[in-house]
Amino acid sequence: MTRISDYRRVEGAAATWWFAPDRAAALAPLFSDAVERIAGLPGAAILRENRSRRLVSLPLPGGVGGFAKLFLRNEGVQRLLDQLRSRAVREASALLAAEGAGVGVPRPVAFAVGYGSEVQGVLVTEALPDAQPLQQVLERSGRLLRGEAFRARRDLVRRLGDLAARLEEAGWRHRDLHTGNILLSPPTLDGRIYVIDWQRARRGGGFPPDLIDLVYSLSRTVPVTDQMAALRAGLPRCASKGLRREACGWVRWRKTRHVESRTARCLRDGTEFAVEADEGGVVYRQRTVPVEWIREAVREHDQAVARGTLAKSLPRRRLSRLQLPGPGAPFPVYVKEYLHGPLRRLANLVCGSPARRAWVAAHGMRWRGIRTPEALGLVEEGRRSLIVTREVPSARPLAEAACEAAVGPRKVMRAFLERLARWVRRIHEEGIWHPDLKANNVLVDASGEFHLLDLDRTRFVGYLTRARREKNLAQLCAAVPRPVSRADRLRFWRVYSRGRGTKDAVRRVVRAAIRRRHVWPGAT
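Residues numbered from 1 in each chain as written. Predicted model: local features only at pLDDT ≥ 70, side-chain atom pairs only at ≥ 80, totals over all residues. Heavy atoms only, no water.

Student: Help me understand the pairing of strand β4 (residues 53-60), please; the structure alone is not making it clear to me.
Tutor: Looking down a regular strand, the side chains alternate between one sheet face and the other. The buried fraction of β4 is high, at six of eight residues. Note that strand β3 (residues 45-49) and β4 share four bridges and pair antiparallel. Note on β4: the bridge partner recorded for Ile46 is Val56. In textbook terms, the turn of a hairpin is the stretch between consecutive antiparallel strands, and for β3 and β4 this stretch comprises three residues. When β4 meets strand β5 (residues 64-72), the two strands line up antiparallel, connected through eight bridges. The partner of Arg54 across the bridge, within β5, is Leu70. Hairpin remark: β4 followed by β5, antiparallel, with three residues in the connecting loop; positive phi at Gly62, about 100°. (Buried < 20%, exposed > 50% of the residue type's maximum accessible area, 1.4 Å probe, protein only. Helix = DSSP H or I, 4+ residues; strand = E, 2+ residues; numbered from the N terminus. Pairing = 2+ DSSP bridges.)

What follows is the structure, given as structure tokens:
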């Protein structure tokens, strides 16, 4: 087993380097004084970059490829931790320890601690030949497999569970073990498993274990039976059914925490989103959307207000439809403005502005797999907040789509209601509470997919009470017009409740719908 102490130390002008014993002669002349300019070496290319790290691909001597991970100098707690032990040294130590435990990892050929103002540390690893992320391999193979392909995937998930168990026995936690950080070489279901991105790895226990993270990441690409096979392989052989049931509960908990974490990123400056502040306010936007587009949309919205050409105008809300100059042809967007009075501005300090809540809800929906108009940008100013969303092409309100399906063939209406019932059930199972789930707040696109609107009061509560679920059902029922018959509504209920709904529940929904001034077909 190779240790850190076996690496050859070389003092450079900008960093202290450690090189693998068999590669020191070839690598030392190339890297000794190149910490700040590794991305500028011949053949190098930046693959990914964020505020903490920069990943560069580059050729290494001997005709092999390599990757250089540059750890950028941070402020605050991370800066203090780097002074104790560099992230590059910690990851190199974790890679060598994992290799000693029999886990496939990229070989670290060099690492450094930098003295410059930008780069704090560097880790150089050899590229794995013909390797692809496990996520891509599983997506390419599909969920439903038969014969040899089925057995190969079952064997793969068992090997993954055994991998997590070996890490646990070795006393290491990867802390980010998901299908994107696992490579297969060659990229087939029977390829060898390699684990990358060890910068967060730590020695010792902790919760949740890597097995929970792994099974949760598999849930997006493989059936439940394969997830359970990975779970059984990773748990001790003497694990009881109670322990397996508890582990499944922790997988669900991990999903909730992961989605919450991904949702919160829309309010932070990072790889996916940007936050910029100036005299005009604060702009939150997707990285792919230039800030000039958002500012231009706000200016055109103000002009529409002055001309009186708004799509919708209420005392505290204004909605305009505009054309933004995209990379090709212009594309339509909607700008929704919320006006803030003194009390509203005070409440915004506690719960955020309505546009901000709609921005968070839109991206939270996306991570939960619920379609909604794409939120491009958010602008927060003192007396107002605005959100810019892309128009859903060829979409129409749910009431109009339901009436059209009702006058068509019965099988068309039946298929439409089944899709709608499964969509509403999915919203409730994801713990999404929309206080105004009426037909005008649901759009149906050309492919029959449903999109949820008016998200400023939407909340992610984890679990919806019976009263809230029945209120949403009554809102939908009250807003869908009469061509949708009583039998159609009961069919919707059967699909939504999976055939387990009671007559008392139906009566409660009917009474709530009638209270909303809707005449339920057949109700007395």
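Student: Please explain the layout of surface pockets as it appears in this structure.
Tutor: Gaps left between atoms are located by rolling a probe of water-molecule size over the structure's atoms. Of the volumes computed, that of the second largest pocket is approximately 880 Å³. At the level of elements, α6 (210-218), α7 (224-234), α8 (241-264), α11 (354-367) and α13 (410-429) are the ones that each hand at least two residues to the lining of the second largest pocket. Broken down by element, the lining of the second largest pocket gets its largest block of residues, eight residues, from α8. Of the residues in the lining of the second largest pocket, the class split is eleven nonpolar, seven polar and ten charged. (1 Å grid on protein atoms, 1.4 Å probe; cavity = no way out; pocket = protein on both sides within 12 Å on 5 of 7 lines; lining within 4 Å. Points joined across faces, edges and corners; volume = space filled by probe spheres on them. Nonpolar A, V, L, I, M, F, W, Y, C, P; charged D, E, K, R; others polar.)

Student: I keep staring at the packing of aromatic side chains and nothing clicks. Help me out?
Tutor: Aromatic ring pairs are reported here in terms of the distance separating the ring centres and the angle at which the planes meet. Scanning all chains against the criterion turns up eleven aromatic pairs. Where Phe492 meets Tyr496, the ring centres are 6.4 Å apart and the plane angle is 10°; that geometry is what we call stacked. On the criterion of helical spacing, the pair formed by Phe492 and Tyr496 is a turn pair, its members being four residues apart in helix α15 (residues 486-496). Neither residue differs from the other here; Phe492 and Tyr496 are each classed as buried. Following the ring pairs from residue to residue traces out a cluster consisting of Tyr7, Trp18 and Phe111. Here the guanidinium or amino end of Arg368 rests over the ring plane of Phe460, the centre of that ring lying 3.8 Å away. Note that Arg390 overlies the ring of Phe331, its terminal NZ or CZ placed 4.3 Å from the centroid. (Phe/Tyr/Trp six-rings, centres within 6.5 Å; stacked < 30°, edge-to-face > 60°. Lys NZ or Arg CZ within 6 Å of the ring centre and 35° of its normal.)

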